[in-house]
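# Architecture at a glance
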Amino acid sequence: MHITAQHSLNHSLEFVSQRLTDFQRFETLAEAKGILQDRRGDLQKPLTCNWALEFWFRGKQRYPELSVPRFDTPQDWSFELQEAALFIRCDMALEAGDDTHSFLRISCTLRPLNLGMFMRLQAIQLAAHKTQKRFQAGCEHYINLALALP
């Protein structure tokens with residue numbers, strides 16, 4: 001399953017790039033939301049960054065692995081999230097507009113790793129319009145959070 005979102009931002013390319021790739025701030029934010037994390041790798045070298053996460057979602061304890069496998073430039077990077085039943089790859093591309101405007105494109109690929117998740121993703125695909133709207137809203141929330149961090 002593949003979904004994408006594109007957002008127009010009223011900030012410069014440098015500002016948005018710095019905020020979206022500040023992993024230390026996201027660690028602090030995740031900690032404040034109760035997500036336990038064990039960093040494996042050096043934040044100064046994003047190619048080696050990955051985290052073992054632990055949190056509750058829909059009444060179950062989750063233990064996904066989050067990694068940053070590709071960090072071509074601060075404007076073009078991706079991350080991957082792997083759990084027992086699902087693999088997610090998210091690619092982000094930041095493009096410049098003018099001095100105070102930029103565009104962010106986020107594309108997400110979900111790949112089921114077992115039959116139960118395959119069936120669940122099939123049901124989600126049937127509600128494609130609703131799924132796309134929820135993905136757009138989630139991306140917008142993530143962007144607003146990233147740009148608002150102190």
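Our subject is the structure listed above.
As the structure is a prediction and not an experimental result, all values here were calculated from the model. (Residues numbered from 1 in each chain as written. Predicted model: local features only at pLDDT ≥ 70, side-chain atom pairs only at ≥ 80, totals over all residues. Heavy atoms only, no water.)

So, about the overall build of the protein chain. Counting its regular elements, the protein chain contains four helices and eight strands. Since a compact globule built from 150 residues should have a radius of gyration of about 15 Å, the 16 Å found for the protein chain is in line with a globular shape. By its C-alpha atoms, the protein chain is 50 × 35 × 25 Å across when sized along the principal axes. The buried share of the protein chain, taken over its 150 residues, is 36%. Taking contacts inside the protein chain between residues at least 6 apart in sequence as the whole, the part at least 24 apart equals 46%. Per element, the accessible surface of the protein chain, about 9200 Å² overall, is 56% carbon and sulfur. Taking the average location of the 17 positive side-chain charges in the protein chain and that of its 17 negative ones, the two points are 10 Å from each other. (Helix = DSSP H or I, 4+ residues; strand = E, 2+ residues; numbered from the N terminus. Rg over C-alpha atoms; globule rule 2.2 N^0.38 Å. Buried < 20%, exposed > 50% of the residue type's maximum accessible area, 1.4 Å probe, protein only. Contact = heavy atoms within 4.5 Å. Areas by Shrake-Rupley, 256 points an atom, 1.4 Å probe, with all protein chains shown as cover. Lys, Arg positive; Asp, Glu negative; His and termini not counted. Charge placed at Lys NZ, Arg CZ, Asp CG, Glu CD.)

Under the criterion given, the structure shown has one aromatic pair. A ring pair is formed by W77 and F79, whose centres lie 6.1 Å apart and whose planes are at 40°; its orientation type is tilted. Exposure remark for W77: the relative accessible area of 5% places this residue in the buried category. We classify F79 as partly exposed; its relative accessible area is 23%. (Phe/Tyr/Trp six-rings, centres within 6.5 Å; stacked < 30°, edge-to-face > 60°.)

What follows deals with the pairing of strand β3 (residues 50-57). Relative to β3, strand β2 (residues 36-40) is paired through five bridges, and the arrangement is antiparallel. Of the residues in β3, the one forming a bridge with R39 is W51. The pairing of β3 with strand β4 (residues 60-62) spans three bridges and is antiparallel. By the bridge assignment for β4, W56 is matched with Q61. (Pairing = 2+ DSSP bridges.)

As a rule of thumb, nonpolar side chains are buried together in soluble globular proteins. L104 and I106 are the most contacted members of the largest nonpolar core, which totals 31 residues. Beyond its immediate stretch of four places on either side in the chain, I106 contacts I3, T4, A5, C90, D91, M92, F135, C139, Y142 and I143. (Core = buried A, V, L, I, M, F, W, Y, C linked by side-chain atoms within 4.5 Å.)

Turning to the state of the cysteines, a few remarks are in order. What the rule picks out here adds up to zero disulfides. In this model C108 remains outside any disulfide bridge; the closest cysteine sulfur is found in C90, 4.5 Å from its own. The class for C108 is buried, based on a relative accessible area of 9%. (Disulfide = S-S within 2.5 Å.)

What follows concerns the environment of R89. Take R89: it is sitting in strand β7 (residues 86-96). Residue classification places R89 among the partly exposed residues on the basis of a relative accessible area of 25%. C-alpha of R89 to C-alpha of V68: the two residues are 21 residues apart in sequence and 9.8 Å apart in space. In contact with R89, other than residues within four places in its own chain, are P69, R70, S78, F79, E80, S107, C108 and T109.

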